Amino acid sequence: MPELPEVETTRRGLEPHVVGRRVTAMHIYDSRLRWPVPSDLPRRLVGRTIDRLDRRSKYLLFRVDEATLLVHLGMTGSLRALTQPTPRRTHDHVDLVLDSGAILRYHDPRRFGAVLWIPGAADAHPLLARLGPEPFDSAFDANYLWESTRHRSLAVKLALMDSHLVVGVGNIYANESLFRAGIRPTTPVNRVSKARLARLVSEVRATLTDAIAKGGSTLRDYVDSDGEPGYFQLDLFVYGREGERCRVCTATIRTLRLSGRATSYCPRCQR
Ligand SMILES: [Zn+2]
């Protein structure tokens with residue numbers, strides 16, 4: 001499943017191909033995504049110029065004047081820029097043709113993704129309105145995390161994955177950030193001190209930064225590639241390493257389930 005680093009890498013890979021480009025055609029081959037792709041999208045988009053490509057959480061936001069084309073990759077979606085004629089494959093659902101001749105092609109076997117049009121202020125859209133800050137936003141700091149969790153006793157890992165609190169920290173990144181910060185994932189969030197939350201904030205950023213840096217080497221996969229843009233993985237400390245030795249202290253990594261999600265930790269490094 002594309003997580004924040006993959007979506008940010010998609011954004012960086014596509015940005016040079018779309019910004020300042022005018023849409024000359026749009027083809028919807030299959031509108032049955034998570035929500036139907038609006039049938040009037042071609043009429044709204046053709047002839048208009050993409051001013052910017054932003055990301056909010058895992059949403060890609062193509063800015064067109066005051067409006068926004070929102071794309072979410074769902075479980076299996078990908079967006080590629082094709083600069084030469086490329087035959088359509090199964091599960092290629094939407095093409096956006098640009099005045100450069102490039103085609104932005106949306107591919108999604110399981111069709112849990114979304115391609116939607118937001119006519120006005122995108123921040124007020126129901127999908128975006130209640131999202132917490134971005135992990136790299138200065139609003140996401142130890143004070144914010146401390147103040148917004150003092151009355152909550154849920155596990156710190158579940159707090160970290162709550163998109164109302166902070167966006168874009170998926171399961172792998174929550175596991176790895178907590179290891180790097182030395183915090184046991186099951187600790188009630190209101191029992192984590194402000195100093196340790198500060199450490200956690202910086203390790204969340206470091207973990208995501210490492211993953212995005214790994215993505216940098218796959219940027220070319222977003223242009224004219226035959227296969228899917230690759231998903232990239234960090235050198236993992238705990239995730240998927242149940243029963244193996246901790247890379248730091250050699251204790252055995254343990255795994256349990258929190259809210260149904262695999263949760264791995266080192267019993268010695270994480271307290
Ligand atoms: Zn350890």
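Going by the structure above, here's the rest.
Just so you know, the residues in each chain are numbered from 1, in the order the chain's sequence is written. Given that this is a predicted model, residues contribute local features only at a pLDDT of at least 70 and side-chain atom pairs are listed and counted only at 80 or more, while totals for whole chains, interfaces and linings are drawn from all residues. Hydrogens and water molecules were not included; the side-chain quantities draw on all heavy atoms of the structure.

Now for the side chain of aspartate 108. Segments assigned H or I by DSSP are reported as helices when at least four residues long, segments assigned E as strands when at least two residues long, and all are numbered from the N terminus. Examined against the element boundaries, aspartate 108 turns out to sit in the loop between strand E7 (103-107) and strand E8 (114-118). Burial classification: accessible surface area is computed with a 1.4 Å probe over protein chains only, and a residue below 20% of its type maximum counts as buried, one above 50% as exposed, and the rest as partly exposed. Charge assignment: positive for Lys and Arg, negative for Asp and Glu; neither His nor the chain ends contribute. Salt bridges, as used here, are contacts in which a Lys or Arg side-chain nitrogen is within 4 Å of a carboxyl oxygen on Asp or Glu. Although buried, aspartate 108 forms no salt bridge, and the nearest oppositely charged side chain, arginine 110, lies 7.3 Å from it. One polar contact links the side chain of aspartate 108 to the main-chain amide nitrogen of glycine 113, over a distance of 3.0 Å. Setting aside its immediate chain neighbours within four residues, aspartate 108 contacts Leu73, Thr76, Gly77, His91, His93 and Gly113. Here a polar contact is taken to be a pair of N or O atoms separated by no more than 3.5 Å, where protein atoms must pair a possible hydrogen donor with a possible acceptor and residues adjacent in sequence count only if both atoms sit in side chains. By definition in these notes, contact holds between two residues if any of their heavy atoms fall within 4.5 Å.

On to the pattern of salt bridges, then. All told, the structure shown has 22 salt bridges when counted by the stated rule. Between arginine 44 and aspartate 40 there is a salt bridge, with its nearest N and O atoms 3.0 Å apart. Take aspartate 40: its relative accessible area is 24%, and that puts it in the partly exposed class. Of the charged contacts, one joins arginine 63 and aspartate 54 as a salt bridge, the two residues approaching to 2.8 Å between their closest N and O atoms. Overall, arginine 63 belongs to the buried group, its relative accessible area being 16%. Accessibility expressed as a relative area gives 19% for aspartate 54, which makes it buried.

For two strands to be treated as a pair, DSSP must find no fewer than two bridges joining them. On the basis of which strands lie adjacent, the open sheet formed by four strands has the order E2-E3-E4-E8 and antiparallel pairing. The sheet is open, and its two borders are formed by strand E2 (52-56) and E8, each paired with just one other strand. Strand-to-strand twist of the sheet, defined as the mean angle between neighbouring strand axes without regard to direction, takes the value 25°. Note: strand E4 (residues 67-72) against E8, five bridges, orientation antiparallel. The partner of threonine 68 across the bridge, within E8, is isoleucine 118. Strands E2 and strand E3 (59-64) of the sheet are contacted by helix H1 (residues 4-18), whose axis makes an angle of about 175° with E2. Every axis corresponds to a line fitted to the C-alpha atoms, with the helix fit spanning only the stretch in contact, and the corresponding angles, defined between N-to-C directions, vary from 0 to 180 degrees.

Lining residues are defined by having an atom within 4 Å of a point belonging to a cavity or pocket. Those points lie on a 1 Å grid over the protein atoms alone, cavities being sets where a 1.4 Å probe fits but cannot get out and pockets being open sets with protein on both sides within 12 Å along at least five of seven lines. Grid points are joined across faces, edges and corners, and a volume is the space filled by probe spheres set on the points. For the coordinates displayed, the defined rule picks out two cavities of 30 Å³ or more. A volume near 90 Å³ is recorded for the largest cavity. Lining the largest cavity we find Met26, Phe62, Leu69, Val71, Leu79, Val94, Asp95, Leu96, Leu104, Tyr106 and Val115. Contributions of two or more residues to the lining of the largest cavity are made by E4, strand E6 (92-98) and E7. Residue classes in the lining of the largest cavity are distributed as 10 nonpolar, no polar and one charged. Each residue gets one label: Ala, Val, Leu, Ile, Met, Phe, Trp, Tyr, Cys and Pro are nonpolar, Asp, Glu, Lys and Arg are charged, and the others, such as Gly, are polar.

Looking now at the sheet that holds strand E1 (residues 23-28). Hydrogen bonds between backbone groups are what pair the strands of a sheet, and the pairing can be parallel or antiparallel. The strand order across the open sheet formed by four strands is E1-E6-E7-E5, and the pairing between neighbours is antiparallel. At either end of the open sheet lies a strand with only one pairing partner, and these are E1 and strand E5 (78-82). Neighbour to neighbour, the strand axes of the sheet diverge by 15° on average, direction disregarded. Of the pairings in the sheet, the one linking E5 to E7 comprises five bridges and is antiparallel in character. Bridge pairing in E7 links leucine 82 to isoleucine 103.

Each metal's donors comprise the N, O and S atoms found within 2.8 Å of it (within 3.2 Å for Na, K or Ca). Water is not part of the atom list, so some coordination spheres may appear incomplete. Surrounding the zinc ion are the protein donor atoms Cys246 (SG), Cys249 (SG), Cys266 (SG) and Cys269 (SG), at 2.2 to 2.4 Å. A four-donor site is classed as tetrahedral when every donor-metal-donor angle falls between 85 and 135 degrees; four donors are called square planar, and six octahedral, when trans pairs exceed 155 degrees and all remaining angles lie between 65 and 115, with any other arrangement labelled irregular. Note that the zinc ion binds four donor atoms; their angles at the metal cover 98 to 113°, and the shape is tetrahedral. Summarised as a motif, the one-chain spacing of the donors to the zinc ion is C-x2-C-x16-C-x2-C. Linking cysteine 246 in the loop between helix H6 (194-216) and strand E9 (254-258) with cysteine 266 in the segment after strand E10 (261-265), this pair joins segments that are 20 residues apart in sequence. You'll find cysteine 246 and cysteine 266 in the same group, each marked buried.

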